[in-house]
Amino acid sequence: MNHVDEYWEYHKIVGDEVGDKLLTPQQYEEYKRTVVPERMKNRLFVSWRVEGGIDCELIGPETLCHCQHRYRQHNTDNPEKNTKCKNCRCRKYEFVPRMLPAYTVQM
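So, a few notes on the structure that sits alongside this text. (Residues numbered from 1 in each chain as written. Predicted model: local features only at pLDDT ≥ 70, side-chain atom pairs only at ≥ 80, totals over all residues. Heavy atoms only, no water.)

With that out of the way, let us pick up the pattern of salt bridges. Close approach of charged atoms allows side chains with opposite charge to pair. Taken as a whole, this structure holds three salt bridges when the rule is applied. We note a salt bridge from K32 to E9, for which the minimum N-O separation is 3.8 Å. Note that K32 is positioned in helix α2 (residues 25-41) and E9 in helix α1 (residues 2-14), a separation of 23 residues in sequence. For K32, a relative accessible area of 23% gives the class partly exposed. Look at the salt bridges and you will find they share partners, linking E9, E29 and K32 into a network. (Salt bridge = Lys/Arg side-chain N within 4 Å of Asp/Glu carboxyl O. Helix = DSSP H or I, 4+ residues; strand = E, 2+ residues; numbered from the N terminus. Buried < 20%, exposed > 50% of the residue type's maximum accessible area, 1.4 Å probe, protein only.)

Considering the arrangement of structural elements, one finds T63 in the segment after β2 (54-59). Each residue touching T63, except ones within four places of it in the same chain, is listed here: E57, L58, H69, R70, Y71, Y93 and F95. (Contact = heavy atoms within 4.5 Å.)

The subject of this paragraph is the environment of E17. Looking at the secondary structure, you find E17 in the loop between α1 and α2. Spatially, the C-alpha atom of E17 lies 9.5 Å from that of R72, the residues being 55 residues apart in sequence.

A word on unusual backbone geometry. Within the chain, Q68 stands out as a residue other than glycine whose phi angle is a positive 75 degrees. For Q68, the location among the structural elements is in the segment after β2. Its relative accessible area of 57% is what places Q68 among the exposed residues.

Here is the structure:
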């Protein structure tokens, strides 16, 4: 299962940045060395709140936009740029609230 973990890590770090091609191990190490520190400096933590200030949902890399692409597929590495989608004509990331199933408590 180690290869699955490695693929998952690669996908989380590189994502769609390089298109359909895979980076060589050397390119991947260079990518991690140069890009990841910049991402860590530009991290953005967002939560969507309802009236009254209750955090309803945390927004992160896998959260969908109205264009059906994920937050990570928008230009989020540089906060000074617009969060335009890299895969479609969406001009900026817009969170779409969704109904979640009710949680039941068993006693």
